[in-house]
Amino acid sequence: MGPTRREMLALMAGLGLAGCARSDDRPKIGFIVKQPEEQWFQSEWFHADRAGAEHGFTVIKIGAPDGDRVLSAIDTLAAKNALGFVICTPDPKLGPAIRQSAAMWGLKVMSVDDRLIGPDGDPIESIPHVGISALNIGTMAGQVIAREAAGRGWDLASGEVGLLRLAFDSLQTGLERTQGGRDALIAAGLPASAVYDAPQRTTDTEGGFTAANPVLTRMGAIRKWAIIGMNDEAVLGGVRAAEGLGLSRSDIIGVGIGGSGSATAEFSKANPTGFFASILLSPKRHGYDTALALYRWGEAGEAPAPLVYTDGLEMTRDNWQALLAEQNA
Ligand code: GLA
């Protein structure tokens, strides 16, 4: 049997690793995210901090873009005597390692956004999770495109319109989001043969651009594009690639998912772009609610709901300010 948590902490304190823990006596939780530079995760952190300020705990925010950094983040949190952590993992397959490390230190763990998967490939059900209703939200994105296409007089069935699906299918939520979007457009009359997949290596704007560019170039004969992806950044990358190939905004209908700063920056531009809309998610529910649930679990033993799925709202240039004002009220 290995050392107990108390022994490990004593050892780390001896090494000076736990030294700063005393500077703040409030209980602490960790909030680990895979892509700290992404607006969505900045918003989650912002709301987690608010939960801490309102309920008397400190949130230790750590960006961990790979497995090594996730594991060292967990060690750091243990050294700081945190109660546990909320995590959006850089790779769901780290599930068993995250679970084991948290258990070794006696830390509570819950996942947000991207669900952890076990050695059998199934979700780890014992780890509470808050995610978006991926299929529904993807379906909404597709329906927004279908409505706008009809408004522009596009004939989806004609073969003149292509659907670019920025794909990150190794992530279940990413797969479901874009499947929902694709199926909604097929239901609206788009032939399945007009769907073009562009697999992304990364889920940021650059990853979307790099994936979209060769597909749009190859299919240069198609001059009207609908664009979907797992988040705003992916769709923005696709829109930028289409613009770069000379398509005008009236030939592009991109609908993202997120509605955080990447989308609102686009809606704030003086002239509309091909990024037509986004489905607004709730960083408050993913940041504030998860942080508070984790804190209450660690502090008072109240276990969080095992599985929560959140909804989205259609956001466009016309309503984004009003929507955000309502959300932040
Ligand atoms: C995933 C994506 C993020 C964001 C969240 C929302 O983690 O990578 O961009 O969409 O889901 O749950």
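If you're wondering where the values come from, they're calculated on a predicted model, not measured in any experiment. (Residues numbered from 1 in each chain as written. Predicted model: local features only at pLDDT ≥ 70, side-chain atom pairs only at ≥ 80, totals over all residues. Heavy atoms only, no water.)

Student: Could you clarify how one ought to interpret the overall build of the chain in this entry?
Tutor: A tally of regular secondary structure across the chain gives eleven helices and twelve strands. By the compact-globule yardstick of 20 Å for 329 residues, the chain fits well, its C-alpha radius of gyration being 21 Å. When the 329 residues of the chain are sorted by exposure, 52% land in the buried category. Here the contacts in the chain between residues at least 6 apart in sequence split such that 74% fall between residues at least 24 apart. With 30 positive and 38 negative side-chain charges, the chain shows a separation of 2 Å between the mean positions of the two kinds. (Helix = DSSP H or I, 4+ residues; strand = E, 2+ residues; numbered from the N terminus. Rg over C-alpha atoms; globule rule 2.2 N^0.38 Å. Buried < 20%, exposed > 50% of the residue type's maximum accessible area, 1.4 Å probe, protein only. Contact = heavy atoms within 4.5 Å. Lys, Arg positive; Asp, Glu negative; His and termini not counted. Charge placed at Lys NZ, Arg CZ, Asp CG, Glu CD.)

Student: Help me understand the nonpolar core, please; the structure alone is not making it clear to me.
Tutor: Soluble, globular proteins show a tendency: their nonpolar side chains are buried together. Of all hydrophobic cores here, the largest spans 46 residues; its most connected members are I29, F31, F57, L190 and V255. It is helix α5 (residues 134-151) that provides the largest number of residues to this core, a total of seven residues. In this structure F57 touches R26, P27, I29, A51, G52, A291, L292 and Y295, once residues within four positions along its chain are discounted. A212, V215, A234 and L280 belong to the second-largest nonpolar core, a separate cluster that totals 27 residues. (Core = buried A, V, L, I, M, F, W, Y, C linked by side-chain atoms within 4.5 Å.)

Student: Teacher, can you tell me more about the site of the ligand here?
Tutor: Around the ligand there are 13 residues in total, and K34, E38, D113, D114 and R177 lie nearest to it. Take D113: an N or O atom from its side chain is 2.6 Å from an oxygen atom of the ligand. Contact distances for the ligand include 2.8 Å between an oxygen atom and a side-chain N or O atom of R177. Calculation on the ligand without its partners gives an accessible area of 300 Å², and the protein chains cover 99% of this total. A breakdown of the residues in the shell around the ligand according to their chemical character gives six nonpolar, two polar and five charged. (Near = heavy atom within 4 Å. Polar contact = N/O pair within 3.5 Å; in protein donor to acceptor, adjacent residues only side chain to side chain. Areas by Shrake-Rupley, 256 points an atom, 1.4 Å probe, with all protein chains shown as cover. Nonpolar A, V, L, I, M, F, W, Y, C, P; charged D, E, K, R; others polar.)

Student: What exactly am I supposed to notice about the sheet that holds strand β3 (residues 84-88) here?
Tutor: The pairing of strands in a sheet happens through backbone hydrogen bonds and is either parallel or antiparallel. On the basis of which strands lie adjacent, the open sheet formed by six strands has the order β2-β1-β3-β4-β5-β11 and parallel pairing. Edge positions in the open sheet fall to β2 (58-63) and β11 (307-310), since each of these has one partner strand only. Strand after strand, the sheet turns through a mean of 15° between neighbouring axes, direction not considered. (Pairing = 2+ DSSP bridges. Axes fitted to C-alpha atoms, helices over the stretch in contact; angles between N-to-C directions.)

Student: Mind showing me how you'd approach the sheet that holds strand β9 (residues 252-258) here?
Tutor: Pairing is mixed across the open sheet formed by six strands, whose spatial order is β7-β6-β8-β9-β10-β12. The open sheet is flanked by β7 (195-199) and β12 (313-316), the only strands paired with a single partner. Sheet twist, expressed as the average angle between the axes of neighbouring strands with direction ignored, equals 20°. The sheet contact formed by β9 and strand β10 (residues 275-280) spans five bridges and is parallel. Paired with G256 across the strands is S278, a residue of β10.

Student: Can you help me understand the pairing of β2 in this one?
Tutor: Residues in a regular strand point their side chains to alternate faces of the sheet. Inspection of the sheet shows strand β1 (residues 28-33) paired to β2 by six bridges, in the parallel sense. Its bridge partner lying in β2, I29 is registered against V59. A crossover connection joins β1 to the parallel β2 through helix α2 (residues 39-55); in handedness this β-α-β unit is right-handed. (Right-handed = clockwise from strand over helix to strand, strands pointing away.)

Student: Hey, could you run me through the pattern of salt bridges in this one?
Tutor: Side-chain pairs of opposite charge can arise whenever the charged atoms involved come near each other. Scanning all chains against the criterion turns up 13 salt bridges. Measuring nitrogen to oxygen at the nearest pair gives 2.8 Å for the salt bridge that ties D169 to R165. When the shortest N-O distance is used, the salt bridge between D289 and R285 registers 3.8 Å. Placement of both D289 and R285 in helix α10 (residues 283-300) is noted, with a separation of four residues, approximately one turn of the helix. For D289, a relative accessible area of 36% translates into the label partly exposed. Exposure remark for R285: the relative accessible area of 37% places this residue in the partly exposed category. (Salt bridge = Lys/Arg side-chain N within 4 Å of Asp/Glu carboxyl O.)

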